[in-house]
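Spelled out from the first residue to the last, the chains are:
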Amino acid sequence: MTALPLRSEILSGAVGRPRSAASSPIQLAGQRQQTLALGRQRLMTGLLLFCIAIGVLVLRLADLSLLQGRPTVGANRSTGAIPVRGDIYDRNNVELARTFEAYGIAVAPRKLVGNPRVLAEQIAAILPDKTVDGIYKELTARNSFRYISRRVLPEQAKRINDLGEPAITLEREPERLYPNLNLAAHVIGYAVDGVGKVGVEKAFDHRLSDPSTRGTPMHLSIDARVQQALESEMGAVLADQRAQGAAGIVLDVQTGEVLALASLPDFNPNAPGKSDPATRYNKVSYGVYELGSTFKTLTIAMALDTGVVTSMNQKYDATNPIRIAGFTIHDDHALRRPETIPEIFIHSSNIGTAKMAAELGRDRQRAYLDKLGFLKQAEIELPERASPHFPPLSNWGELATMTIGFGHGLSVSLVHLASAYAAVVNGGVLRPATLLKVEPGHAPAGTRVFSPGTSDTMRALLRLVVTDGTGRKADAPGYRVGGKTGTAEKLSGGRYSKHANVSTFAAAFPMDHPRYVVVTMIDDPQGSKATYGFRTAGMVIAPAVSRIVQRIGPILGVTPDVNKDVDVAALLSEIHDKAAE
Amino acid sequence: MASRAAPANSLTNSLSATLSRNNRSALGRWFWTIDRPLLVMVLMLIGCGALAVAAASPAAAHRYSGGTVVVGDLYYLKRQILWIIAGVPLMLAVSMLPIVWAKRLAIGGTAFCIVALMLVPILGHEANGATRWLQLPGFGFQPSEFLKPLFIVTTAWLLSARIEDPTMPTMQLSFLLLLVVAGLLVKQPDFGQTALFSAVWLAQAVLAGMGLSVIGILIVVAAGGIGVAYLFVPHVTSRIDRFITGGGDTYQIDRALDCFRAGGLFGTGPGEGRMKFKLPEPHTDYIFSVIGEEFGAIACMLLAILYLAIVIRVLLQLLDEEDPFIFLAAAGLVTQFGLQAAINMAVNLKLLPSKGMTLPFISHGGSSYLALAIGMGLLLALTRRNPFLKASPYARRWQAA
């Protein structure tokens, strides 16, 4: 009997499991009670927090339902004001967005005067996609308001109105129509109930809806034909590589005009609510990426411009990896010897570029990046603009200077990169990217970043990558394509992933007198038969760049000419063996 | 001494004290021991759910019809009724389990669901860029949903062992288990569920007497985790940016707010809503907005208060609970339930950035409905007690009499 617990222990719950009772029951029981008491205290705190949360919800409900105005859908009955919205055209007067006068046909069943069966038959005769029974059901519903059909054409709406049934109301639904469906969806964006929500529709909402300006259509810098070519080629790569996404931008290097901007997968702006939100994300202006080796172009240009590099046969020793602050910088195609400038560039040597960046120094590097607009939001009219990610000054030591030199540790958007490339090849002047058509002779003056001499040298170096380096598959006969590949490991969860990468190709053409920059990106390519399983930019996107240039060159009036080319002979003499790839 | 023969923690043996009720059948015992006010409130909630889905069904049907696909107006209501017919008996059956069997169900189920969760990346079914389902004949099985209540009860079991014997390293063990689950969820990726699992685990650990400094550190780590996700996961970045700046694409949430504005205090009346037709997921994530439009803000407030009442009822009952396992398990389950409801409502009201989270027992079902039923069944099983045998002063008085 003595083994049985005392009654007082039972009632206070002090009888534990045999395990705890085994050692020193009294002490443990006390501790257990203490823990439980603490738990109860905390439980009450939690309960209080939950009460507060529900209180906040109730207040918010009161705010929404009492203090804020009712939304005005259905207020524009047939006689009401029409919220028209300006049309949007591309640079060649191709319609991108227009307002289409549609009607919503609604019925107030309780106020019906006529015979619903007869009426249903009459309406069905006008609206071929509706059935008599379906309409009859709506007409006889026990509600005060039912839609019979939405987005009805004006002439059909008029015939329904002529039936003379007072319970049927025509609601003018000025529908925004994007006749090219998904084409340039991220540029145009969309409007809902007459208010721009995304893209140009949002950026120029005032211009498009203000009565004094909406009469004249807006002309964008976009060329629908170029846009179509870019989307179709990038779409083909996206499908072939089973990649997560693809993006591209075509920029006029003299004016900053965006001729095409594509982010795939895309969406249909006519029905934005039905699309997957992920497709509405603009990878060109709103996504930031570490763009890898495409950055080396900029580092070399900076080094040339400041006089850090004075001659093409200047050498940087890439024999051994650089060990700094616990990190190791090594080359993917290591030559293990001192390399000249063209060698560093076409072999894409991280070591060489890092040393060059270190010699350039943090302050000059930052000053150039600042001038190139890399330390602020991209300059483009879209509301969806990302801010770049870069280390704070306190953290921007020699290691950061080196890694940024070859494109790691700094994330920017494709718009940033395209504008910078335009400055590198156009003689050294940076102009903000714009989505508005620039009339000839009205290009902004821009700001000088590099000297014309630097720009000349960079053109030849970029051309060299395509004639003799990693970008050979981007060549398009006669179009003198130049460019730089970049394959960066993708950051996932804050770490570099060995399995996923972002491949970029930043190109310009024709290199002897550059007119257009084409920057393309593939997010997480998987490799395919066509690329022999490779996932590097040189294999994955370079062929697409070649096809894009061949498709848009004729449209943009660039004549292919196999006899014209940049003279790269001087650079070739500095290359002591053929490129690794 | 009758009381000596009745071990305090055992509900099954409490029959001796209920003899006066004259009903010895299993059903009778269940009826007299179940927390009836809680059961009534849950059934009210399920009823409200049927009404709400009835209101949202035509909007969802409109949304998913198009071209040759025609979804009937009441398709989702009919489905919801089927889910209720399956879910309520499941809930009641689980609520009849003795504590020891509830514990076994939870531990076995947790192991099973974690294995299923590991299989998802291999055999899973992809939708909207995330792989979360295993396609079984007839319906999609989402292991993470079923894991939720089972994992909470398992956590409670582990943590309570530590209260019984502080030398047991079970808190570390359960944290390890959480890390495994969180890792699997992040991989899908499903950040919303990860946050919910972690938050409930943290609440349980705090109730189990976790030190304040550890709590502080974990909160800092969690904030850091969100920060990292913000910096490096573009999808998360855009959602949070949109929420903070109101910039970018706020289409969905603006439609939800329009519903509340249109509804006013009393709503437009059942079937009269118009804004609901523009909602993205009227029958699941945004059903609270549909209620707001058709039944009005007062109905929404009452619904929020009903959730609050359920939480209060359970927590107050727990105040005199002496079994640490029951205390932690029930508190965890009700935290999950309340938190999920509060987050969903807050998202609908644009107080939090959008998260794919449903409103418990109100949103249109799917396999998550059955998971909810299991969770609520476990809660009902855990809170069953002999109304005359409890460690409160009132019970003592009765026994003394």
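Residues numbered from 1 in each chain as written. Chains lettered and ligands numbered in written order. Predicted model: local features only at pLDDT ≥ 70, side-chain atom pairs only at ≥ 80, totals over all residues. Heavy atoms only, no water.

Per an unreviewed UniProt entry, chain B is named Probable peptidoglycan glycosyltransferase FtsW, and its organism is Glacieibacterium arshaanense. According to UniProt, the comment filed for chain B under the heading Sequence similarities (unreviewed entry) is "Belongs to the SEDS family. FtsW subfamily." (UniProt positions renumbered as here; feature names shortened; annotations may be inferred.)

Chain A is annotated in an unreviewed UniProt entry as Penicillin-binding protein 2 of Glacieibacterium arshaanense. Reading the Subcellular location (unreviewed entry) entry of the UniProt record for chain A gives the comment "Membrane".

## Some thoughts on the overall build of chain A
Regarding its fold elements, chain A presents 20 helices and 18 strands. Looking at chain A residue by residue over its 581 residues, the buried ones come to 54%. Sequence separation of at least 24 residues holds for 71% of the intrachain contacts in chain A that already meet a minimum separation of 6. For chain A, the accessible surface area stands at approximately 24200 Å², while carbon and sulfur atoms represent 54% of it. (Helix = DSSP H or I, 4+ residues; strand = E, 2+ residues; numbered from the N terminus. Buried < 20%, exposed > 50% of the residue type's maximum accessible area, 1.4 Å probe, protein only. Contact = heavy atoms within 4.5 Å. Areas by Shrake-Rupley, 256 points an atom, 1.4 Å probe, with all protein chains shown as cover.)

## Comments concerning helix H13 (residues 350-360) of chain A
All names here are of chain A. The buried fraction of H13 amounts to eight of the eleven residues, a majority that puts the element mostly inside the structure. Considered for burial, the residues of H13 that qualify are Asn350, Ile351, Gly352, Thr353, Ala354, Met356, Ala357 and Leu360. Taking the backbone nitrogen of Ile351 as reference, a side-chain oxygen 3.4 Å away marks Ser349 as the first, capping residue of H13. One or two positions beyond H13, positive phi appears at Gly361, with a value near 90 degrees. (Polar contact = N/O pair within 3.5 Å; in protein donor to acceptor, adjacent residues only side chain to side chain.)

## Here's the deal with the packing of helix H4 (residues 116-126) of chain A against helix H6 (residues 154-161) of chain A
Geometrically, a packed helix pair is captured by the angle between its two axes and the distance between the axes. Residue and element names in this part refer to chain A. Contact geometry for H4 and H6: axes closest at 10 Å, N-to-C directions at 160 degrees. Relative to H6, the element H4 lies roughly antiparallel. Judged by the sense of rotation from one axis to the other, the crossing of H4 with H6 is right-handed. The segment H4 lies against H6, with Ile123, Ala125 and Ile126 engaging Gln156, Arg159 and Ile160. Across the contact of H4 with H6, the residue classes break down as four nonpolar, one polar and one charged. (Axes fitted to C-alpha atoms, helices over the stretch in contact; angles between N-to-C directions. Parallel < 35°, antiparallel > 145°, perpendicular 65-115°, else oblique. Left-handed = near helix turned anticlockwise from the far one by under 90°. Nonpolar A, V, L, I, M, F, W, Y, C, P; charged D, E, K, R; others polar.)

## A word on the state of the cysteines
Two cysteines form a disulfide when their sulfur atoms are joined by a covalent bond. Evaluation of the coordinates by the stated rule reveals zero disulfides over all chains. Sulfur of Cys300 of chain B: no disulfide; nearest cysteine sulfur belongs to Cys259 of chain B and is 9.9 Å away. (Disulfide = S-S within 2.5 Å.)

## A few points about the pattern of salt bridges
Residues and elements named next belong to chain A. According to the stated counting rule, one finds 26 salt bridges over all chains in the structure shown. With a closest N to O distance of 2.7 Å, Glu138 and Arg146 form a salt bridge. In terms of burial, Glu138 and Arg146 fall into one category: buried. With its nearest N and O atoms 3.1 Å apart, the salt bridge here joins Arg551 to Glu233. (Salt bridge = Lys/Arg side-chain N within 4 Å of Asp/Glu carboxyl O.)

## As for the UniProt feature "transmembrane region" (unreviewed entry) in chain A
When the UniProt feature table is mapped onto this chain numbering, "transmembrane region" (unreviewed entry) sits at residues 43-62 of chain A. Helix makes up 100% of residues 43-62 of chain A and strand makes up 0%, while its end C-alpha atoms are separated by 29 Å.

## Thoughts on the UniProt feature "transmembrane region" (unreviewed entry) in chain B
Residue and element names in this part refer to chain B. In the numbering adopted here, UniProt assigns the feature "transmembrane region" (unreviewed entry) to residues 38-60, 81-101, 107-125, 169-187, 199-232, 295-316, 325-347 and 359-382. When the span residues 169-187 is considered, its composition is 95% helix and 0% strand, and the gap between its end C-alpha atoms is 28 Å. A distance of 23 Å separates the end C-alpha atoms of residues 359-382, which is 67% helix and 0% strand.

## Quick word on the pairing of strand E6 (residues 195-198) of chain A
Residue and element names in this part refer to chain A. The pairing of strand E5 (residues 190-192) with E6 spans three bridges and is antiparallel. Bridge pairing in E6 links Val192 to Val195. Two successive antiparallel strands, E5 and E6, enclose a turn made up of two residues, where Asp193 displays a positive phi of approximately 50 degrees. (Pairing = 2+ DSSP bridges.)

## Looking at the environment of Thr319 of chain A
Residues and elements named next belong to chain A. Turning to its location among the elements, Thr319 is positioned in the loop between strand E10 (315-317) and strand E11 (322-324). Overall, the relative accessible area of 25% leaves Thr319 in the partly exposed class. Separated by eleven residues in sequence, Thr319 and His330 have C-alpha atoms that sit 9.7 Å apart. Ignoring sequence-local partners within four residues, the contact set of Thr319 consists of Arg336, Arg337 and Pro338. At 2.2 Å, the side chain of Thr319 and the side chain of Asp317 are in polar contact.

## A few points about the confidence of the model for chain A
All names here are of chain A. Per-residue pLDDT for chain A has a mean of 85; in total, 90% of the residues score no lower than 70. Segment residues 1-23 is flagged for pLDDT under 50; beyond a separation of four residues in sequence, or across chains, it makes 34 contacts in the model. Confidence over residues 73-83 falls short of pLDDT 50; this stretch has 20 contacts with residues more than four positions distant or in other chains. (pLDDT = per-residue confidence, 0-100.)

## Description of unusual backbone geometry
Residue and element names in this part refer to chain A. Cis geometry is found at the peptide bond from Leu264 to Pro265, where omega equals 0 degrees. Within the element layout of this structure, Pro265 appears in the loop between strand E9 (258-264) and helix H11 (296-306). Of note, the bond from Phe509 into Pro510 is cis; its omega dihedral lies within 30 degrees of zero at -20 degrees. For Pro510, the location among the structural elements is in the loop between strand E17 (495-509) and strand E18 (516-523). Notably, Arg480 is not glycine yet its phi reads approximately 50 degrees, a positive angle.

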